[in-house]
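Understanding the architecture of this molecule
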Amino acid sequence: MPFAYPLFLSLEGEHCLVVGLGEVGLRKLAGLLAAGVGSVLSLDAGQAEAAPESAPDPEAARLLADPRVRVERRPCTEADIAPCRLVFAATSDACENARIAALCREARVLCNCASDPALGQFAVPAVARSGELCAALSTGGASPALARNLRRELEGWLEPRAALAHFLGRLRPLVLAMKLDTRHNTQLFRKVATSPLGDWLAAGELDRCRRWLERELAPALAARAIPLLESRLRTVPDGETHESC
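It is worth spelling out the overall build of the protein chain at this point. In terms of helices and strands, the protein chain carries 10 helices and 7 strands. Out of the 245 residues in the protein chain, the part that is buried amounts to 38%. In the protein chain, 68% of the contacts between residues at least 6 apart in sequence involve partners at least 24 apart. Of the roughly 13,700 Å² of accessible surface on the protein chain, a fraction of 55% belongs to carbon and sulfur atoms.

Laid out in structure tokens, this is it:
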């Protein structure tokens, strides 16, 4: 089964390469930037050059103007690949993509090949995000259209649960700082996670949340946890929002 090992990867401080500045390449670039990549070399050997009279795409201009992105108009070389964590072969030329994928295999660098996924080592899943919650899914390349539809369903499922994830993410360090027994902490986190707090937070019923915390938590912890209810969810930007090889 290809691409059978799911993984959430940190790209903080990492360098990546995107070859091709067409629609697919720009989508890969957007996904990397949204994921917090350290730097990206974006190469275009001419496959995606626009006609002189065409108006520039504002979204493409925004992506390419990001200070983490360096754009060069030339073919990809072995030296470009060596320092990369991930490489995306996303040109409109299948032979060029295959050449890049082969260079990546030799350099033992993970490659995503847009024109022939089997030549690469990973696929980009459909991603649904809401606050700190993130869900990724794949149909194994069988149907990107189905993956897009399922992503939209996932977004609807995640949205009312994002407030609880946000709250738990801020409660956790408070609990750990108390240096209590691990079993106690596990039971406490499970108790909060399975409580009605999620529904009440999603509905904005903060008074009910406060009463539950005062009743179910130790007084010292409840006094520190209740102010967390006032914090607001931060929307996390998404890059690729549909299955793509």
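Once their charged atoms are close, side chains differing in charge can pair, the charge on each being opposite to the other. Counted by the stated rule, this structure contains 14 salt bridges. One salt bridge connects Arg85 with Glu14, and the closest N-O pair in it is separated by 3.1 Å. Of this pair, Arg85 sits in the loop between helix H3 (78–81) and strand S4 (86–89) while Glu14 sits in the segment before strand S1 (15–19), placing them 71 residues apart in sequence. A relative accessible area of 22% means that Glu14 is categorised as partly exposed. Arg62 is the salt-bridge partner of Glu59, the closest N and O atoms lying 2.6 Å from each other. Placement of the pair is Glu59 and Arg62 together in helix H2 (residues 58–64), with a separation of 3 residues, close to one helical turn. Look at Glu59 and you get partly exposed, because its relative accessible area is 39%.

Take the confidence of the model for the protein chain next. Per-residue pLDDT for the protein chain has a mean of 89; in total, 89% of the residues score no lower than 70. Ignoring residues within four places in sequence, the model shows residues 48–54, a span with pLDDT below 50, making 4 contacts including any to other chains. In the model, residues 233–239 has pLDDT below 50 throughout and makes 16 contacts with residues more than four positions away in sequence or in other chains.

Turning next to the sheet that holds strand S3 (residues 69–72). Pairing in this open sheet of 5 strands is parallel, and the strands run S3-S2-S1-S4-S5 from one edge to the other. Both edges of this open sheet fall to S3 and strand S5 (110–113), since each of them pairs with a single strand only. Strand-to-strand twist in this sheet, taken as the mean axis angle between neighbours without regard to direction, amounts to 15°. On the sheet, helix H1 (residues 23–34) packs against S1, strand S2 (39–43), S3, S4 and S5 and is oriented at approximately 165° with respect to S1. Docked against the sheet, helix H4 (residues 94–107) engages S1, S4 and S5, running at close to 160° with respect to S4.

With that settled, consider helix H6 (residues 162–177). Helix length check: H6 (16 residues) gives 24 Å between terminal C-alpha atoms against 22 Å at 1.5 Å per residue, within 8%. Where H6 bends most, the angle comes to about 25°, and this point is Leu171, followed within four residues by the proline Pro173. A positive backbone phi angle near 55° is found at Lys179, which sits one or two residues after H6.

The rules behind each value
- Residues numbered from 1 in each chain as written.
- Predicted model: local features only at pLDDT ≥ 70, side-chain atom pairs only at ≥ 80, totals over all residues.
- Heavy atoms only, no water.
- Helix = DSSP H or I, 4+ residues; strand = E, 2+ residues; numbered from the N terminus.
- Buried < 20%, exposed > 50% of the residue type's maximum accessible area, 1.4 Å probe, protein only.
- Contact = heavy atoms within 4.5 Å.
- Areas by Shrake-Rupley, 256 points an atom, 1.4 Å probe, with all protein chains shown as cover.
- Salt bridge = Lys/Arg side-chain N within 4 Å of Asp/Glu carboxyl O.
- pLDDT = per-residue confidence, 0-100.
- Pairing = 2+ DSSP bridges.
- Axes fitted to C-alpha atoms, helices over the stretch in contact; angles between N-to-C directions.
- Expected span 1.5 Å × (residues − 1).
- Bend = angle between axes of the 7 residues up to and from the residue.

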